[in-house]
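Listed below are the residues making up each chain.
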Number of protein chains: 2
Amino acid sequence: MIRRRGALFVVSAPSGAGKTTLCREARLRLADLAYSVSYTTRVPRSGEIDGTDFWFVSEARFRDLRDRGEFAEWATVHGHLYGTRASVLQEALNAGRDILLDIDTQGAAQLRRRYPEAVLVFIVAPSMAELEQRLRERRSDADREIARRLDRAREEIAMWRQYDYLIVNRDLKEAVDQLTAIIVAERARTSRLALGLPDLDLPQKEVRH
Amino acid sequence: MIRRRGALFVVSAPSGAGKTTLCREARLRLADLAYSVSYTTRVPRSGEIDGTDFWFVSEARFRDLRDRGEFAEWATVHGHLYGTRASVLQEALNAGRDILLDIDTQGAAQLRRRYPEAVLVFIVAPSMAELEQRLRERRSDADREIARRLDRAREEIAMWRQYDYLIVNRDLKEAVDQLTAIIVAERARTSRLALGLPDLDLPQKEVRH
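**Q** I keep staring at the overall build of chain A and nothing clicks. Help me out?
**A** Scanning chain A for helices and strands turns up seven helices and nine strands. Taken over the C-alpha trace, chain A has a radius of gyration of 18 Å; the compact-globule value for 209 residues is 17 Å, and the two agree within 12%. Across its three principal axes, chain A shows a C-alpha extent of roughly 65 × 40 × 30 Å. Buried positions account for 36% of the 209 residues belonging to chain A. Taking all contacts inside chain A whose residues are at least 6 apart in sequence as the whole, residues at least 24 apart take part in 69%.

Here it is in structure tokens:
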């Protein structure tokens, strides 16, 4: 049996690009993929469940966790704090489990420094016009809020080169196929295989790299 | 529309690992994937078609092409010559088409030097015992030939670290899923995207790499 280290899959996208739906669909297809539930100080939206979508905490509690170094990454987005608990990542990786994270570009950059082998995936809508339309269709946001999200989207899109993969979310099925393919492919990377494939009589030492 | 450079997908495997079937199935799923038909001096097996499975040529013709620098890689395998025509690869890449190559470990190493961005995929049977059984089930080879193929398989497997991906061919469907996923994922790599995503107002210059 080939042993493999767990891998971190970090997905970022501007608000409205379809990231949450994409991550949910990919998790349905890959049952063995763990998910990192982020901590946030923002209030739950309708239908969001504490511990499933986010851990909803007070700002005092967030700052306490942060100051104790409990977060592998944290960031301020639209005035709210978001963070990923380091122990959750470490437990998954130690158990050889892959884990999916849905975080913003600032958090992704922090995770890349902490875990250089993390796989960073960026999702974009096909165009800014399409992104704006999707944000308007949500009807949950005021015009000023939409303008703010579009400004932030431009800033985030400018970071696309720090990502390993780019998915243009034109069609949900195609985008889920791509995200799933990235995870399946990364699992087959020779650089992620633990040393020794005894059943195949593979040499333990490196032959050439 | 995002432009992308064509990519080379090089698949190698010891004889009996299921490489030919895997490549055929992956090509059926990915209709836009070009295929590089190798040149060989060996005689056609039953059912093999000139120009589809291989270009079957005389040794004199092969040496002539080789001496004129027409091959991007060439190697001697089991006493026969095999080679890949450079012009076929270059035409596909220039047209932005991805191309699949089914070649041995020596040829793969040559292609890596010539095309550092090539994607190298190695396929193995689950064990040497399984590989031997598959070779015996072919019934086309004498015992001495089988022993020779197993010896060579050990030499080839020792080269697995020069590959980017490793597929253990336990189950055909699963292995085809993996090979297809590797191709789909590599197409979404930011490093393969041509500069400029004008529709997304992405900056032309590098932000961070």
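**Q** I would appreciate a short explanation of the sheet that holds strand 5 (residues 71-77) of chain B in the present structure.
**A** The strands that make up a sheet are held in pairs by hydrogen bonds between backbone atoms, and each pair lies either parallel or antiparallel. All names here are of chain B. Here we have four strands laid out as an open sheet, ordered 4-3-6-5, and mixed in their pairing. The sheet terminates laterally at strand 4 (55-56) and strand 5, the two strands that pair on one side only. Two elements, strand 5 and strand 6 (residues 80-85), share six bridges in a ladder whose sense is antiparallel. What sits directly across from T76, in strand 6, is L81. Contacting strand 5 and strand 6, helix 4 (residues 105-114) runs over the sheet at an angle of about 160 degrees to strand 5.

**Q** How should I be thinking about unusual backbone geometry in this particular structure?
**A** With glycine set apart, most residues show a phi of negative sign, and most peptide bonds adopt trans. We note that H78 of chain A has phi near 50 degrees; this positive angle belongs to a residue other than glycine. Residue placement: H78 of chain A occurs in the loop between strand 5 (71-77) and strand 6 (80-85).

**Q** Looking at this model, I keep getting lost on the sheet that holds strand 3 (residues 39-40) of chain A. Mind explaining?
**A** All names here are of chain A. On the basis of which strands lie adjacent, the open sheet formed by four strands has the order 4-3-6-5 and mixed pairing. Where the open sheet ends on each side, the last strands, each with one partner, are strand 4 (55-56) and strand 5. Of the strands in this sheet, strand 5 and strand 6 are in contact with helix 3 (residues 86-94), which crosses strand 6 at around 30 degrees.

**Q** What should I look at first to understand the pairing of strand 9 (residues 165-168) of chain B in this one?
**A** Residue and element names in this part refer to chain B. Of the two faces of strand 9, the one lined by Y165 and I167 and the one lined by L166 and V168 are each fully buried. In this sheet, strand 9 lies alongside strand 8 (residues 119-124) in parallel orientation, the contact comprising four bridges. Pairing of I123 across the sheet is with I167, part of strand 9.

**Q** I'm lost on the environment of R187 of chain B in this one. Help?
**A** Locating R187 of chain B in the fold gives a position in helix 7 (residues 172-187). Along the backbone, R187 of chain B and G6 of chain B are 181 residues apart, and their C-alpha atoms lie at a distance of 8.7 Å.

**Q** For this particular structure, what's the right way to read the environment of I103 of chain B?
**A** Residue and element names in this part refer to chain B. Along the chain, the position of I103 falls in the loop between strand 7 (99-102) and helix 4. For the pair I103 and R66, spaced 37 residues apart in sequence, the C-alpha to C-alpha distance is 16 Å. Contact partners of I103, with chain neighbours within four places excluded, come to V10, S12, S38, E73, Y82, T84 and A108.

**Q** How should I be thinking about helix 7 of chain B in this particular structure?
**A** Each α-helix winds once per 3.6 residues, and so residues spaced three or four apart point in a common direction. A rise of 1.5 Å per residue sets the reference length of helix 7 of chain B, with its 16 residues, at 22 Å; its end C-alpha atoms lie 23 Å apart and thus fit the reference within 8%. Within helix 7 of chain B, burial applies to A175, V176, Q178, L179, T180, A181, I182, I183, V184, A185 and E186 of chain B. The elements touched by buried residues of helix 7 of chain B are strand 9 (165-168) and helix 7 (172-187) of chain A together with strand 1 (8-12), helix 1 (19-29), strand 8 and strand 9 of chain B.

**Q** What am I meant to see in the confidence of the model for chain A here?
**A** A low pLDDT means the predicted coordinates there should not be read in detail. Residues and elements named next belong to chain A. Model confidence for chain A is summarised by a mean pLDDT of 88, while 90% of its residues fall at 70 or above. When pLDDT is averaged over each element of chain A, strand 4 comes out on top at 98 and helix 5 (residues 128-138) at the bottom at 85. Complex prediction metrics read pTM 0.88 and ipTM 0.86.

**Q** Got a minute to help me understand the packing of helix 5 of chain A against helix 6 (residues 143-157) of chain A in this structure?
**A** Think of two packed helices as two axes; the pair is described by the angle between the axes and how far apart they sit. Residues and elements named next belong to chain A. The N-to-C vectors of helix 5 and helix 6 enclose an angle of 145 degrees; their axes lie 10 Å apart at closest approach. Of the two possible hands of crossing, helix 5 and helix 6 adopt the one that is right-handed. For the pair formed by helix 5 and helix 6, the contact residues are L131, E132, L135 and R136 on the first element and I146, R149, L150 and A153 on the second. Grouping the amino acids of the contact of helix 5 with helix 6 by side-chain chemistry returns five nonpolar, no polar and three charged.

**Q** Even after reading the chapter, I still don't get the nonpolar core, so can you show me in this structure?
**A** Inside soluble globular proteins, nonpolar side chains tend to come together where they are buried. Ranked by size, the top nonpolar core spans 103 residues in total, and within it V10 and V121 of chain A together with V10 and V121 of chain B carry the most contacts. Setting aside residues no more than four positions away along its own chain, V10 of chain A makes contact with L101, I103, A108, L111, A118, V119, L120 and V121 of chain A.

**Q** Sorry, what's going on with the packing of helix 7 of chain A against helix 7 of chain B here?
**A** Relative orientation of the contacting elements helix 7 of chain A and helix 7 of chain B amounts to 110 degrees, with a least axis distance of 8 Å. Here helix 7 of chain B runs roughly perpendicular to helix 7 of chain A, going by the angle between their axes. Handedness of the crossing formed by helix 7 of chain A with helix 7 of chain B: left-handed. Counted together, D177, Q178, A181, I182, V184 and A185 of chain A of helix 7 of chain A and D177, Q178, A181, I182, V184 and A185 of chain B of helix 7 of chain B form the full contact between these two elements. Taken together, the residues that form the contact of helix 7 of chain A with helix 7 of chain B break down as eight nonpolar, two polar and two charged.

**Q** Whenever I open this one, the environment of A129 of chain B confuses me. Can you help?
**A** Locating A129 of chain B in the fold gives a position in helix 5 (residues 128-138). Here A129 of chain B falls in the exposed class, since 10 other C-beta atoms lie within 10 Å of it.

**Q** When you look at helix 1 (residues 19-29) of chain A in this model, what are you seeing that I'm missing?
**A** Residue and element names in this part refer to chain A. Regarding helix 1, the residues found buried are K19, L22, C23 and A26. Mapping the buried residues of helix 1 onto a view down its axis gives an arc of 95 degrees, with all of them on the same face. Where the residues of helix 1 are buried, they touch strand 1 (8-12), strand 7 (99-102), strand 8 (119-124) and helix 7.

So, how was this worked out
One numbering rule holds for all chains: residues counted from 1, following each sequence as written. All chains are assigned letters beginning at A, and all ligands numbers beginning at 1, according to the order in which they are written. The predicted origin of the model limits local features to residues at a pLDDT of at least 70 and limits the giving and counting of side-chain atom pairs to 80 or more, whereas totals for whole chains, interfaces and linings rest on all residues. Helical segments are the DSSP runs of H or I of at least four residues, strand segments are the runs of E of at least two, and each set is numbered from the N terminus. Our radius of gyration is a C-alpha quantity, and the globule rule it is checked against amounts to 2.2 Å times the number of residues to the power 0.38. To assign burial, the other C-beta atoms lying within 10 Å of each residue's own C-beta are counted, with C-beta atoms placed from the backbone; 20 or more indicates buried, 12 or fewer indicates exposed, and intermediate counts indicate partly exposed. By the convention adopted here, residues are in contact when the distance between their C-beta atoms, placed from the backbone, does not exceed 7 Å. The pairing criterion is simple: DSSP has to find at least two bridges between the two strands. Here, axes are lines fitted to C-alpha atoms. For helices the fit covers the stretch in contact, and angles between N-to-C directions go from 0 to 180 degrees. Given a helix with a known number of residues, its expected span is that number minus one, times 1.5 Å. pLDDT measures the predictor's confidence residue by residue and takes values from 0 up to 100. Handedness of each helix crossing follows the sense of rotation of the near helix against the far helix: counterclockwise by less than a right angle gives left-handed, clockwise gives right-handed. Under this grouping Gly is polar, as are all residues other than the nonpolar Ala, Val, Leu, Ile, Met, Phe, Trp, Tyr, Cys and Pro and the charged Asp, Glu, Lys and Arg. For our purposes the nonpolar core covers buried Ala, Val, Leu, Ile, Met, Phe, Trp, Tyr and Cys residues that link as a set through C-beta atoms within 7 Å. We call two directions roughly parallel when the angle between them is under 35 degrees, roughly antiparallel when it is over 145, roughly perpendicular when it lies between 65 and 115, and oblique otherwise. The directions from the helix axis to the C-beta atoms are what the arc is built from.

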